[in-house]
Amino acid sequence: AQSVAQPEDQVNVAEGNPLTVKCTYSVSGNPYLFWYVQYPNRGLQFLLKYITGDNLVKGSYGFEAEFNKSQTSFHLKKPSALVSDSALYFCAVRDPHTGGFKTIFGAGTRLFVKA
Amino acid sequence: EAGVTQFPSHSVIEKGQTVTLRCDPISGHDNLYWYRRVMGKEIKFLLHFVKESKQDESGMPNNRFLAERTGGTYSTLKVQPAELEDSGVYFCASSQDGARQDQETQYFGPGTRLLVL
């Protein structure tokens, strides 16, 4: 079955340090991968997506993610965290062969960046 | 350009009552989706409209849920009668048409927080 795992409920990082939010997926074939962020009392905002091509994808607000097919991972990274990055982050996947436009989400990882 | 909007932002109802949620997609987006996040768990797909037609409603939990998109513009999601387990955040998303529709970004609204007591 198609699934997305975000193994950490919460990630804590100091401002200025690099951050990583982990995501692994279980989808046959070549998936489409997405990251969304939800700020308090706001909707989900699109950060970036991987469809094909270069494994390193750059997105909004200085975030990037690397697609690793052998490890079935799509970790979100940022070289230098800001306090304003504190939010809830969702990894998501679509299976172009079976799932169509249905997006499958992970449970979310809460990121706390302290000053 | 206005984003996806949802109304109401919050709703508190009693078990057995009816609630109707509304979603206005981004103008010109033919594709509209409903998702739900229950109790801090993952966000789950409910259904997908292309214009006024239901393309995929495999995620609808049961026949107490009815989604419509008359005229292919805004959509409503009605829960009747509501049960305790229906509590959660209901998200709407929209995407534009494209050659590879499954690659298109889905843009989400702020969600409606539903609490059934």
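The text that follows walks through the structure, step by step, so that each part is easy to find.

How each quantity is defined
- Along each chain, the written sequence defines residue order, and numbers are assigned to residues from 1.
- To label them, take the chains in the order written and letter them from A, then take the ligands in the order written and number them from 1.
- Totals for whole chains, interfaces and linings use every residue, but because this is a predicted model, local features are given only for residues with pLDDT of at least 70 and side-chain atom pairs only at 80 or more, for both listing and counting.
- With hydrogens and water set aside, each side-chain value is computed from the structure's full complement of heavy atoms.
- For every residue, the accessible area obtained with a 1.4 Å probe (protein chains only) is divided by the maximum for its type, and the residue is called buried under 20%, exposed over 50%, and partly exposed between those limits.
- Elements are defined by DSSP. Helices are runs of H or I of four residues or more, strands are runs of E of two residues or more, and each kind is numbered from the N terminus.
- Two strands qualify as a pair provided that DSSP identifies no fewer than 2 bridges between them.
- Any two residues whose heavy atoms approach within 4.5 Å are treated as being in contact.
- Once two parts are put together, the accessible area they lose, assessed with a 1.4 Å probe and summed over both, is termed the buried area.
- Should a side-chain nitrogen of Lys or Arg be within 4 Å of a carboxyl oxygen of Asp or Glu, the pair is scored as a salt bridge.
- Residue polarity is assigned by list, with Asp, Glu, Lys and Arg as charged and Ala, Val, Leu, Ile, Met, Phe, Trp, Tyr, Cys and Pro as nonpolar; anything else, Gly included, falls into the polar class.
- Working definition: rings of Phe, Tyr and Trp (its six-membered ring) pair if their centres are within 6.5 Å, and the pair is stacked with planes under 30 degrees apart, edge-to-face with planes over 60 apart, and tilted otherwise.

1. Digging into the pairing of strand 4 (residues 31–37) of chain B
Residues and elements named next belong to chain B. In terms of burial, strand 4 is a largely internal element, 7 of the 7 residues being buried. Side-chain alternation along strand 4 places Asn 31, Tyr 33, Tyr 35 and Arg 37 on one buried face and Leu 32, Trp 34 and Arg 36 on a second face that is also buried. Inspection of the sheet shows strand 4 paired to strand 5 (residues 43–50) by 7 bridges, in the antiparallel sense. What sits directly across from Arg 37, in strand 5, is Ile 43. Note: strand 4 against strand 9 (residues 88–95), 7 bridges, orientation antiparallel. Considered in strand 9, the bridge of Leu 32 is made with Ser 94.

2. Description of the interface of chain B and chain A
Interface size is often expressed as the accessible area that is lost when the parts come together. The partner chain A presents 21 residues to the 23 residues of chain B that form the contact. For the pairing of chain B and chain A, the buried interface totals around 1,900 Å² over both sides, and the portion due to carbon and sulfur atoms is 54%. For the interface between chain B and chain A, the tally reads 0 salt bridges. Across the side of chain B that touches chain A, the residue classes tally to 7 nonpolar, 8 polar and 8 charged.

3. A few points about the pattern of salt bridges
Applying the stated criterion to the full structure yields 8 salt bridges over all chains. Between Lys 58 of chain A and Glu 64 of chain A there is a salt bridge; the shortest N-O distance is 2.9 Å. Notably, a salt bridge pairs Arg 64 of chain B with Asp 86 of chain B, separated by 2.5 Å at the nearest N-O pair. Highlighted residues: Arg 64 of chain B in the loop between strand 6 (53–56) and strand 7 (65–68) and Asp 86 of chain B in the loop between strand 8 (75–79) and strand 9, separated in sequence by 22 residues. Per residue, the accessibility class of Arg 64 of chain B equals that of Asp 86 of chain B, and both read buried. One continuous salt-bridge network, built from bridges that share partners, spans Arg 36, Arg 64 and Asp 86 of chain B.

4. What to know about the packing of aromatic side chains
All names here are of chain A. Scanning the model with the defined rule gives 14 aromatic pairs over all chains in all. Aromatic pair Tyr 36 and Phe 105: ring centres 5.9 Å apart, planes at 50°, arrangement tilted. With Tyr 36 in strand 5 (residues 32–38) and Phe 105 in strand 11 (residues 104–105), this residue pair connects regions lying 69 residues apart in the sequence. Phe 105 matches Tyr 36 in its accessibility class, with the two residues each being buried.

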